[in-house]
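# An overview of the molecular structure
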Amino acid sequence: PILPMERIAPDEIHDLGSGRWLLDFGRAFSGMLHFDKGLPQPIIPHNNIYPRAHGFGDASEKRWSFITVVYGESLEMTTGDINRVLVAGMGLHDGGPRHNSEPEGAQDNAFCFPDDHDGILTQKDIYVYTSESITNDMFSRARQSHFTTHAFRFAEICCTSEPPTNVHALMYRTAMQEWGTFDSSSVLLNGGYELVKNSMRSNLLSVQSDCPHREKLPYGGDLIANSPSAMHMFDMSAFYKKTIRDWMDAQWDNGAYTETSVWQDLNDYAGIGKGAGETVWATAPPVLTVRHMQHYDDLDLLKESIGSHTRWLEFLNKEFDSGMIKKGYDKKLKTYRGDGSGLGDWLALPVKDTYLTHTGFYMASSRCIAYISNKLGNAKMRKKSVLLAELIRNRISSLYLWNGRDTFTYPMARYPSTPGPEMSLFARIVPGEKRCAVLKNWFRRKGETWDGDEETLFLNELDSSYAEQLVNAGVLIKDDEDYLFSNSQWQGFGEGIFSIRYALKTLSDMGFHHIALRKASGIGFGTTEYMLTHNATTMWETWWRSEDVYSRNHPMLGAIAEWMSSSVAGVSVHPTTVGGRQLLFWPRFPKSATMLKFASSIQGTPVGDFAIAWRFENLPEDKSKYDSALVTVRIRLLVPPGGSGMLRLPLPSSKTTKIRLSHTNSIPDLDAARDEANRKCMNRRKHGLGFHWNWEYDRQRKKWYTHSSRKSIGTACESFLFNLTPEWSEQADITHDVVSR
């Protein structure tokens, strides 16, 4: 069920004048306002002219009393009002005060606009008393809306002579258990993790939506991209079973799966035809089924869904090749230049290789059927699906190695594309003998510049002194007298929703974890730091800033969170397990404590909570010596009764390195240790020890400036595992076992 999961008090209440009050709750979420003592009496503004979006013409004509609440995730930079244009998005607005796209009423979607929305679809509650006479206690009886949730950080209440007393927000989501955490010494990594988790919390209301205030749709591509992060953070067993069943209910008679779990006639052009959603998006049901089995061991779901998934694969076998030709893809790809028909690595900055994603997820569908068939004991179907997957893999490999450059891009590629080497290395499409060559060529890719609308406007309204500081920091580059945002391939992101995970996991798994860390903790455009500098509390839909189209509460790019848990801290569901019974402990350490001093993660499972924490000890007081220091790395693991863990350690960097193992001789007081760690962490968060600055816009000078502030988001907290003081067994030297594995 969808329930109120948290009660949130406003951080600040601002008087905007004319009886209008702005409430700032400090972070964005899905929910609604709750008035513990009701609403104050409404007032009528001067000359009966209501602030924009707060009018209610029908009530005014009938002399009814009313109070309006408008919700939004950010403020319009030139007015300080709630940015309703950004909430509406996708042209469902008149442009607002800054983006004059079309005159009011001239939009194609004008018929959608309710009265008094001023040409902008608006998140809005109206409390109205339908009588000319009103008693003093009428509005004091109001408590909250009974109709829908909204997504917001800010809420405007109008029009009253004073703000409501004891007003709170209730954060709503589906009431599954939240069981995954991540912490580290890096404010930037922690901040990025919090952005993803806050967006996840906002978008789990019966369906896993893309954004919680407008479309609210369960897109298959989004779920493929970020379901690993969702399954790390929450117990998604019942939730994803329902999602898979929704897709099965929506499956066409010919076997085609749709783009969303409930068919919406959206982007059907991007599929291979005959009702199929874009191939990646439509492959979500079998992919989710496999991941569900690994985490929750639901054999009944495999039995229930195998028929539908097999029909999907049979549809692809029958229609894929002819459908791709109709979409303009020739068999040898001699006329293909990237960005073909399809959605591909959605919202990536480089060219999107849509052929690779279409074909790669045809292969993934076959691999999923092979996995499910194996679990159900159907050897014949397993063998058939394995052979088909290998046939498709060989097809991709031969085409993408044809030009002899070992870049693993389509034959006629002139520019880097995505998700070529990232996906192909991650998914083992690249033949073993070519993996090192493809990896080396991937490292030769360079960054680029970005001149998007908002970034250009930002630079036009930035003092040159700030611009020079950003040049020195590597955020901007200077071209003659012009400044441009730099987008580094290796100190930030340009990847789309899929290749984020492929890139980070491939780098960490293949021995280049320090580069993955550098990407994820980079600064400037194309990073989570960039979002934080613009006051983000939830993940954006894009790496670039949008004030009028793209959502600022959208977990689509959220694959970074699962990588933090599995690679930075080092705990994940073992790839061969079912039901989360065995976890893989595989911590990857930075080359220097300058980048990261400690990390920890909890991974919940049906068996119980697994946890890992590691930290560098014996660090020199002089931080300039971190790069050359000899240190101790202490790792602590927690494995619940009934579970098992596999520990994978890096090879020793020196012949003098010793690796020792010990265990507790008694069960420690885990609850007390958690309580103490949480108390310390909450105290640090209350003191604002997280991300410490942001850009602000001076509406008088029309200039951007930096503002220092104490924030909780990103606060570094150590694991409860280092609060334990049990009796330990004698240490066993396992150095030889690690070296000779």
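Above this text you will find the structure in question.
Rules used in this analysis
- Residues numbered from 1 in each chain as written.
- Predicted model: local features only at pLDDT ≥ 70, side-chain atom pairs only at ≥ 80, totals over all residues.
- Heavy atoms only, no water.
- Pairing = 2+ DSSP bridges.
- Helix = DSSP H or I, 4+ residues; strand = E, 2+ residues; numbered from the N terminus.
- Axes fitted to C-alpha atoms, helices over the stretch in contact; angles between N-to-C directions.
- Contact = heavy atoms within 4.5 Å.
- Core = buried A, V, L, I, M, F, W, Y, C linked by side-chain atoms within 4.5 Å.
- Buried < 20%, exposed > 50% of the residue type's maximum accessible area, 1.4 Å probe, protein only.
- Expected span 1.5 Å × (residues − 1).
- Left-handed = near helix turned anticlockwise from the far one by under 90°.
- Nonpolar A, V, L, I, M, F, W, Y, C, P; charged D, E, K, R; others polar.
- Disulfide = S-S within 2.5 Å.
- Phe/Tyr/Trp six-rings, centres within 6.5 Å; stacked < 30°, edge-to-face > 60°.
- Lys NZ or Arg CZ within 6 Å of the ring centre and 35° of its normal.
- Polar contact = N/O pair within 3.5 Å; in protein donor to acceptor, adjacent residues only side chain to side chain.
- Salt bridge = Lys/Arg side-chain N within 4 Å of Asp/Glu carboxyl O.

Here we come to the pairing of strand E14 (residues 476-479). Direction of pairing for E14 relative to strand E15 (residues 482-487): antiparallel, over a ladder of four bridges. Of the residues in E15, the one forming a bridge with Leu476 is Phe485. Taking the residues between adjacent antiparallel strands as the criterion, E14 and E15 are bridged by two residues, where Asp480 takes a positive phi near 60°.

As a further point, take the sheet that holds E15. Strand order in the open sheet made by the three strands is E13-E15-E14, with antiparallel pairing throughout. In this open sheet, the two strands that pair with only one neighbour each are strand E13 (448-450) and E14. On average, adjacent strands in this sheet sit at an angle of 50° to one another, irrespective of strand direction. Helix H13 (residues 453-460) rests against E13, E14 and E15 of the sheet, and its axis sits at about 135° to E15.

We now examine the nonpolar core. Among the nonpolar cores identified, the biggest contains 144 residues, and Leu189, Met236, Tyr400, Leu462, Phe485 and Trp563 are the most heavily contacted of them. A total of 10 residues in this core trace back to one element, the largest contributor, which is helix H9 (residues 354-375). Contacts of Tyr400, omitting those with residues within four sequence positions, involve Leu333, Tyr336, Asp353, Tyr355, Leu356, Phe408, Thr409 and Tyr410. Core analysis: the next-biggest nonpolar cluster, separate from the first, contains 24 residues, Phe29, Leu39, Val69 and Phe152 among them.

The subject of this paragraph is helix H7 (residues 284-296). In this model, H7 (13 residues) spans 17 Å end to end at C-alpha, consistent with the 18 Å of a helix rising 1.5 Å per residue. Among the 13 residues of H7, 13 are classified as buried, and the element is accordingly described as predominantly covered. Phi turns positive, to about 55°, at Asp297, one or two residues after H7.

Between two packed helices, what matters for the description is the angle formed by their axes and the separation of those axes. Between helix H8 (residues 299-326) and H9, whose axes approach to 9 Å, the crossing angle comes to 145°. Relative to H9, the crossing made by H8 is left-handed. Counted together, Leu299, Leu302, Ile306, His309, Thr310, Trp312, Leu313, Leu316, Asn317, Phe320 and Met324 of H8 and Tyr355, His358, Thr359, Tyr362, Ser365, Ser366, Ile369, Ile372, Ser373 and Lys375 of H9 form the full contact between these two elements. The residue makeup of the contact of H8 with H9, split by class, is 12 nonpolar, eight polar and one charged.

Turning next to unusual backbone geometry. A cis amide bond links Cys158 with the next residue in sequence, Cys159, at an omega value of 0°. With respect to the helices, strands and loops of the structure, Cys159 is situated in the loop between strand E6 (150-158) and strand E7 (167-174). Within the chain, Arg63 stands out as a residue other than glycine whose phi angle is a positive 65°. Relative to the helices and strands, Arg63 is located in the loop between helix H1 (57-61) and strand E4 (65-72). For Asp339, which is not glycine, the phi dihedral falls at a positive 50°. In this structure, Asp339 sits in the loop between H8 and strand E11 (351-352).

Following the sequence through the fold, Gly524 ends up in the loop between helix H16 (513-520) and helix H17 (528-533). Once residues within four sequence positions are removed from consideration, Gly524 is found in contact with Val475, Glu529 and Tyr530.

Taken as a whole and assessed by the stated rule, the structure comprises two disulfides. In this model, Cys158 is linked to Cys159 through a disulfide, with the two sulfur atoms separated by 2.0 Å. Here the S-S torsion is close to 45°, and the disulfide linking Cys158 with Cys159 is therefore right-handed. Linked covalently through their sulfurs, Cys681 and Cys717 form a disulfide whose S-S length is 2.1 Å.

Under the counting rule described, the total for this entry stands at 44 aromatic pairs. Between Tyr329 and Tyr355, the aromatic rings sit 5.9 Å apart at their centres with planes inclined by 50°, giving tilted as the arrangement. Taken together, the residues Tyr329 in the loop between H8 and E11 and Tyr355 in helix H9 connect sequence positions 26 residues apart. Neither Tyr329 nor Tyr355 differs from the other in exposure class; each is buried. Taking the centre distance of 5.1 Å and the plane angle of 35° together, the rings of Phe426 and Tyr502 count as tilted. Of the two residues, Phe426 is situated in helix H11 (residues 420-426) and Tyr502 in helix H15 (residues 499-509); the sequence distance between them amounts to 76 residues. On the basis of relative accessibility, which here comes to 8%, the residue Tyr502 falls in the buried class. Positioned above the aromatic ring of Trp586, the side-chain terminus of Arg648 is 3.9 Å from the ring centre. Over the aromatic face of Phe720 sits the side chain of Arg674, whose NZ or CZ is 4.8 Å from the ring centroid.

Let us now look at helix H3 (residues 187-202). Side chains that are three or four residues apart share a direction in an α-helix, a result of its 3.6 residues per turn. The end-to-end C-alpha separation of H3 is 22 Å, in line with the 22 Å expected for 16 residues at 1.5 Å each. The element H3 is extensively covered by neighbouring structure, given that 15 of its 16 residues are classed as buried.

Right, let's talk about the environment of Asp24 for a bit. Inspection of the secondary structure assignment puts Asp24 in strand E3 (residues 20-35). A C-alpha to C-alpha distance of 9.1 Å links Asp24 and Glu156, two positions 132 residues apart in sequence. Those residues in contact with Asp24 that lie beyond four places of it in its chain are Pro10, Asp11, Glu12, Arg153 and Phe154. Among the polar contacts made by the side chain of Asp24, one reaches the main-chain amide nitrogen of Gly26 at a distance of 2.8 Å.

Strand order in this open sheet of four strands is E8-E18-E19-E20, and the pairing throughout is antiparallel. Each edge of the sheet is formed by a strand with only one pairing partner; in this case those strands are strand E8 (181-184) and strand E20 (632-638). Averaged over all neighbouring strand pairs, the angle between strand axes comes to 5°, with direction disregarded. Strand direction decides the pairing type here: strand E19 (residues 609-617) and E20, joined by seven bridges, are antiparallel. In the strand pairing of E20, Ile612 is matched with Leu637.

Moving on, we get to the pairing of strand E17 (residues 582-585). Of the pairings in the sheet, the one linking strand E16 (residues 571-573) to E17 comprises three bridges and is antiparallel in character. From the neighbouring strand, Val573 faces E17, where its bridge partner is Leu583. In this sheet, strand E21 (residues 644-647) lies alongside E17 in parallel orientation, the contact comprising four bridges. What sits directly across from Leu583, in E21, is Gly645.

Attention now goes to the pattern of salt bridges. Taken as a whole, this structure holds 36 salt bridges when the rule is applied. Glu390 is the partner of Arg393 in a salt bridge, and the nearest nitrogen-oxygen pair spans 2.9 Å. A residue pair is termed a helical-turn pair when its members lie 3 or 4 positions apart in one helix, as Arg393 and Glu390 do in helix H10 (residues 379-400) at three residues. In this structure Arg393 comes out as buried when scored by relative accessible area, which is 13%. Two residues, Glu547 and Arg552, come together in a salt bridge whose shortest N-O distance is 2.8 Å. Of the residues examined, Glu547 reaches a relative accessible area of 6% and is grouped as buried. Relative accessible area serves as the criterion here: at 10%, Arg552 is assigned to the buried category.

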